Amino acid sequence: MGLEITHLGSGSGGNSTLLATETTKVLVDCGFSLRQMELRLALSGVDPQSIDAIVVSHHHSDHSKSAVRASKRWQADLYSNLETAMRLGWQPISEVRTFEGLQRLEISDELSLLPVPVPHEDAENVAIIASNGDGRRAAVVTDLGEATVELMRHLAGCEHISIEANYDPGRLLAGPYPERLKRRISSRGGHLSNPQTAEILVELLHPDLKSIVLCHLSEKNNAPHLAESEVLLQIGDRFNGDLSISTQKGPEFSHHLGQSEPEWISSVV
Ligand SMILES: [Zn+2]
Ligand SMILES: [Zn+2]
């Protein structure tokens, strides 16, 4: 059974990732305006009304912005944990289905999602591990200060990993942010730096890991070439799949689980 992973865009201005099997379509996060969400789905050739579920990782607006409105407009089930729902004022049952950490969400026979709690300041954030009907897995991991043992266990064996590479430590240090914010970003509850992401990936390399997408790059404290070169330096010859970068722009490519060639999306807008 197939599973297609498409980033509709990623960064502090908004995040959303489409997971699609033949019969099921789920969005991990819905952090753009409703108009942008619909535009970006259209660019990916997806009718918004065909979205079955929206899973929100945590309450920060770059992940949650239009989620509740989109779920009503598209009649898609909305999922989050209780803390996220409370912080956003969403009504459990009538507006959102709440889940616990590590509670598997059976969206359909072809797609289930496992929310894995990760450390992120002032938020109960989760990484999402998606399994298709054959039990093959893909991961979407953003907004965490470090990888926990539990997360590493669930990432092991995934055939696709989308993971944040938020900042270059040198750029963060020399950059314009106030000291307090710099410390917060680089703390256990902040974001992953390029070297941290590279270290995590080195541990996870295995022959069936076919595609990696680096996402949630800071526009001020990072650059695609810095993130890419740091990761390539670490994983080097041991990885022969595809390494791509998702930016804040619209959808650029899709990955099919188990394949190392991305499919490019030719946007007209
Ligand atoms: Zn974020
Ligand atoms: Zn966040």
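A. Structural context of the overall build of the protein. A tally of regular secondary structure across the protein gives nine helices and 15 strands. Computed over its C-alpha atoms, the radius of gyration of the protein comes to 17 Å, within 12% of the 18 Å expected for a compact globule of 269 residues. Principal axes of the C-alpha set define a box for the protein whose edges measure 45 × 40 × 40 Å. Residues counted as buried form 49% of the 269 residues belonging to the protein. Excluding contacts between residues fewer than 6 apart, the proportion of contacts in the protein whose partners are at least 24 apart in sequence is 63%.

B. Region of interest: the packing of helix α8 (residues 194–204) against helix α9 (residues 224–235). Where α8 meets α9, the closest approach of the two axes is 9 Å, and the angle between their N-to-C directions is 35°. The two elements α8 and α9 cross, and the hand of that crossing is right-handed. Contact residues: α8 offers Asn194, Pro195, Thr197, Ala198, Glu199, Leu201 and Val202, while α9 offers Leu226, Ala227, Glu230, Val231, Gln234 and Ile235. Class assignment of the residues belonging to the contact of α8 with α9 gives a composition of eight nonpolar, three polar and two charged.

C. Region of interest: helix α1 (residues 34–43). Residues of α1 that are buried: Met37, Arg40 and Leu41. All buried residues of α1 fall inside an arc of 100° around its axis, so they share one side. Summarising the contacts, the buried residues of α1 are in contact with β1 (4–9), β2 (16–20) and α3 (67–74). Directly beyond the C-terminal end of α1, a positive phi value near 75° is found at Gly45.

D. Region of the structure containing the pairing of strand β9 (residues 123–132). The element β9 is extensively covered by neighbouring structure, given that eight of its 10 residues are classed as buried. Remark: two residues form the turn of the hairpin made by strand β8 (residues 111–120) and β9, two consecutive strands paired antiparallel; Asp122 in that turn has positive phi of roughly 55°. Direction of pairing for β9 relative to strand β10 (residues 137–141): antiparallel, over a ladder of four bridges. Bridge pairing in β10 places Ser131 opposite Arg137. Here β9 folds back onto β10 in antiparallel fashion, the turn holding four residues, of which Gly135 has a positive phi close to 80°.

E. Layout of the environment of Pro207. Tracing the backbone through its elements, the reader meets Pro207 in the loop between α8 and β12 (211–215). A C-alpha to C-alpha distance of 7.8 Å links Pro207 and Phe239, two positions 32 residues apart in sequence.

F. Geometry of the sheet that holds strand β5 (residues 77–81). Taken in spatial order, the eight strands of this open sheet run β6-β5-β4-β3-β2-β1-β14-β15, and their pairing is mixed. Where the open sheet ends on each side, the last strands, each with one partner, are β6 (97–99) and β15 (263–264). Inspection of the sheet shows β1 paired to β2 by five bridges, in the antiparallel sense. When the sheet's bridge partners are listed, Thr6 is paired in β2 with Leu18. Packed on one face of the sheet, α3 meets β4 (53–55) and β5 and runs near 150° to β5.

G. Quick peek at α9. Given a rise of 1.5 Å per residue, 12 residues ought to cover 16 Å, and the 16 Å separating the end C-alpha atoms of α9 matches this to within 8%. One or two residues past the end of α9 sits Gly236, with phi positive at roughly 35°.

H. A look at the sheet that holds strand β11 (residues 160–164). An order of β7-β8-β9-β10-β11-β12-β13 is seen for the seven strands of this open sheet, with the pairing classed as mixed. The open sheet has two free edges, formed respectively by β7 (105–108) and β13 (242–245), since each of these has just one partner strand. Going from strand to strand, the sheet's axes swing by 20° on average, the running direction of each strand aside. Pairing geometry for β12 and β13, over four bridges, is parallel.

I. Fine view of the pairing of β12. Of all the five residues making up β12, five are buried; the element is thus mostly covered by neighbouring parts of the structure. Burial along β12 is two-sided: the face carrying Ser211, Val213 and Cys215 and the face carrying Ile212 and Leu214 are both buried. Relative to β12, β11 runs parallel, the two sharing five bridges. Its bridge partner lying in β12, His160 is registered against Ser211. The β-α-β motif built from β12, the intervening α9 and the parallel element β13 has right-handed crossover chirality.

Conventions used here
- Residues numbered from 1 in each chain as written.
- Chains lettered and ligands numbered in written order.
- Predicted model: local features only at pLDDT ≥ 70, side-chain atom pairs only at ≥ 80, totals over all residues.
- Helix = DSSP H or I, 4+ residues; strand = E, 2+ residues; numbered from the N terminus.
- Rg over C-alpha atoms; globule rule 2.2 N^0.38 Å.
- Buried ≥ 20, exposed ≤ 12 C-beta atoms within 10 Å, placed from the backbone.
- Contact = placed C-beta atoms within 7 Å.
- Axes fitted to C-alpha atoms, helices over the stretch in contact; angles between N-to-C directions.
- Left-handed = near helix turned anticlockwise from the far one by under 90°.
- Nonpolar A, V, L, I, M, F, W, Y, C, P; charged D, E, K, R; others polar.
- Arc of directions from axis to C-beta.
- Pairing = 2+ DSSP bridges.
- Expected span 1.5 Å × (residues − 1).
- Right-handed = clockwise from strand over helix to strand, strands pointing away.

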